[in-house]
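# Coordinate analysis (summary)
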Amino acid sequence: MFIATLIAAGRLRDSDLARAVEIAGGGELRWIDEGDAADLLLGPVEDWRDLRDRLEQGLPGIDVVVQPVESREKRLLVADMDSTMIGQECIDELADFAGKKAEIAAVTERAMQGEMDFEEALHARVAELNGLGVGCIERCRTERVTHNEGARTLVQTMRKRGAATLLVTGGFHDFADPLAAELGFQEVRANHLESMYGHLTGKVTGEIVDAAAKAQALTDRRDQLGIARSEVLAVGDGANDAPMIGEAGLGISYRGKPKLEAIAAARIRHNDLTALLWAQGIPKAEWAKG
């Protein structure tokens, strides 16, 4: 049995639901939150990706999540940081303090589009930060970094309902650790910037958190918890998130790049991160406050 969730916060109309039934060829409708999100209960679905695509095309401006009814509410959330939980790419903002934002942002974009090897891109960008005072990191974090809408509500609600949470990023602990504390993530996997005498050396230390490491972090935590793949929710935006997204029971592209959207089970393009709660059938009345 499958379920299609239609999400358009403050904009979902009865006519949209009727159109969804028409596209799907039947099904039982029920509101999760009237005007915001609704479920279309379906029978067996031969090609759920095709149905998702047809619903997206027929319902412009509405996010659609099609998934099995079983294990709909997840027990592990694994999330990317840059441009997913936050609205920025931290290394690009940090580069601005070194007067090199444009050139580093161009490399970041190529890596996120999957046009350049992530580890190669990481080393190239970090090398450009050689000599930057470490004090710029805290300034950058406090002055430039902002949470994406719904991020804290998503994490706190899943924690409240007993799910484990993991923030995994190709970015840096200097940004990820404070963010995890602010949002409520229990664990962090990230890269380490090397510094000496109060300045960055232009190098990273330790194992690189790349696409493969992100996916491995997910499977390691899943296995530690002893849960099934179907009980994992993962969200990201870049091509380097694709292996991680592919390992999840519900892998979501959040305003993602084309290479990630091509493989993700769901694409959130129009709503904020609270869409991931509606996708699990959790109404607003049960969301964490603050």
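Let us look at the structure shown here. All values reported here derive from a predicted model rather than from experimental measurement.

The rules behind these values
Residues numbered from 1 in each chain as written. Predicted model: local features only at pLDDT ≥ 70, side-chain atom pairs only at ≥ 80, totals over all residues. Heavy atoms only, no water. Helix = DSSP H or I, 4+ residues; strand = E, 2+ residues; numbered from the N terminus. Buried < 20%, exposed > 50% of the residue type's maximum accessible area, 1.4 Å probe, protein only. Contact = heavy atoms within 4.5 Å. Lys, Arg positive; Asp, Glu negative; His and termini not counted. Charge placed at Lys NZ, Arg CZ, Asp CG, Glu CD. Phe/Tyr/Trp six-rings, centres within 6.5 Å; stacked < 30°, edge-to-face > 60°. Polar contact = N/O pair within 3.5 Å; in protein donor to acceptor, adjacent residues only side chain to side chain. Core = buried A, V, L, I, M, F, W, Y, C linked by side-chain atoms within 4.5 Å. Pairing = 2+ DSSP bridges. Axes fitted to C-alpha atoms, helices over the stretch in contact; angles between N-to-C directions. Parallel < 35°, antiparallel > 145°, perpendicular 65-115°, else oblique. Left-handed = near helix turned anticlockwise from the far one by under 90°. Nonpolar A, V, L, I, M, F, W, Y, C, P; charged D, E, K, R; others polar. Salt bridge = Lys/Arg side-chain N within 4 Å of Asp/Glu carboxyl O. Arc of directions from axis to C-beta. Right-handed = clockwise from strand over helix to strand, strands pointing away.

### Section: the overall build of the chain
- Of the regular secondary structure elements, the chain holds 13 helices and eleven strands.
- Projected onto its principal axes, the C-alpha positions of the chain cover 65 × 35 × 30 Å.
- A burial count over the chain gives 55% of its 290 residues as buried.
- Within the chain, residue pairs in contact and separated by at least 24 positions form 67% of the contacts whose partners lie at least 6 positions apart.
- Positive and negative side-chain charges of the chain, numbering 34 and 48 respectively, have mean locations separated by a distance of 2 Å.

### So, the packing of aromatic side chains
- Summed over all chains, the structure comprises one aromatic pair.
- When the centroid spacing of 5.0 Å and the interplanar angle of 55° are considered together, the rings of Trp-278 and Trp-287 count as tilted. Neither residue differs from the other here; Trp-278 and Trp-287 are each classed as buried.

### Re the side chain of Asn-191
- Mapped onto the fold, Asn-191 is located in strand β7 (residues 187–196).
- Reaching out from Asn-191, the side chain makes a polar contact with the backbone nitrogen of Val-209 at a distance of 2.7 Å.
- Leave out the neighbours within four places in its chain, and Asn-191 touches Leu-122, Thr-169, Gly-170, Gly-171, Phe-172, His-173, Glu-207, Ile-208 and Val-209.

### With respect to the nonpolar core
- In this structure, Met-85, Leu-94, Phe-175 and Phe-185 are the most contacted members of the largest nonpolar core, which totals 62 residues.
- Per-element accounting of this core gives the leading share, five residues, to helix α9 (residues 173–183).

### Observations regarding the sheet that holds strand β3 (residues 37–41)
- Ordered in space as β2-β3-β1-β4, the four strands form an open sheet in which the pairing is antiparallel. The open sheet is flanked by β2 (28–33) and β4 (63–68), the only strands paired with a single partner. Pairs of neighbouring strands in the sheet enclose a mean axial angle of 20°, with direction left out of account.
- Judged from the five bridges that link them, strand β1 (residues 2–7) and β3 form a sheet pairing that is antiparallel. Across the sheet, the residue bridging to Ile-3 is Leu-41, located in β3.
- Seen against the sheet, helix α2 (residues 48–58) touches β1 and β4 and runs at an angle of roughly 160° to β4.

### Describing the packing of helix α4 (residues 90–97) against helix α5 (residues 101–112)
- Running from N to C, α4 and α5 point in directions that differ by 165°, and their axes come no closer than 8 Å. Considering the angle they form, α4 stands roughly antiparallel to α5. Crossing of α4 against α5: the hand is right-handed. Residue-level contacts link Ile-91, Asp-92, Glu-93, Ala-95 and Asp-96 of α4 to Lys-101, Ile-104, Ala-105 and Thr-108 of α5.
- Classifying every residue of the contact of α4 with α5 gives four nonpolar, one polar and four charged.

### Structural notes on the pattern of salt bridges
- According to the stated counting rule, one finds 27 salt bridges in the structure shown.
- A salt bridge links Glu-182 to Arg-141; the shortest N-O distance between them is 3.0 Å. Placement of the pair is Glu-182 in helix α9 and Arg-141 in helix α7 (residues 135–144), with a sequence separation of 41 residues.
- Residue Arg-141 is classed as buried on the basis of its relative accessible area of 17%.
- Each of Arg-52, Asp-53, Glu-56, Glu-261, Arg-267 and Arg-269 takes part in a single network of salt bridges with overlapping partners.

### Quick word on helix α1 (residues 14–24)
- Those residues of α1 that fall on the buried side of the exposure criterion are Asp-16, Leu-17, Ala-20 and Ile-23. Looking straight down α1, one finds its buried side chains confined to an arc of 120°; they lie on one side. Residues of α1 that are exposed and point over 90 degrees away from its buried face: Asp-14 and Glu-22.
- Buried residues along α1 sit in contact with β1, β2, β3 and α2.
- Trailing α1 by a residue or two, Gly-25 shows a phi angle of about 75°, which is positive.

### With respect to unusual backbone geometry
- Backbone geometry at Tyr-197 places phi at a positive 55°, although glycine is not the residue there.
- With respect to the secondary-structure elements, Tyr-197 resides in the loop between β7 and β8 (199–205).
- Using a relative accessible area of 76% as the deciding quantity, one classes Tyr-197 as exposed.
- Within the chain, Arg-255 stands out as a residue other than glycine whose phi angle is a positive 45°.
- Mapped onto the fold, Arg-255 is located in the loop between β10 (250–254) and α12 (258–261).

### Observations regarding the pairing of strand β9 (residues 232–236)
- Counting buried positions over the five residues of β9 gives five, a clear majority of the element.
- Side chains Val-232, Ala-234 and Gly-236 of β9 all project onto a buried face; the interleaved residues Leu-233 and Val-235 project onto the opposite face, where all are buried too.
- Relative to β9, strand β5 (residues 76–79) is paired through four bridges, and the arrangement is parallel. Its bridge partner lying in β9, Leu-77 is registered against Leu-233.
- Across four bridges, the pairing between β9 and β10 is parallel. Within β10, the residue paired with Leu-233 across the bridge is Leu-250.
- Note on the crossover from β9 through helix α11 (residues 242–247) to β10: the handedness is right-handed.

The quantities given are spatial measurements derived from coordinates; they are silent on function.
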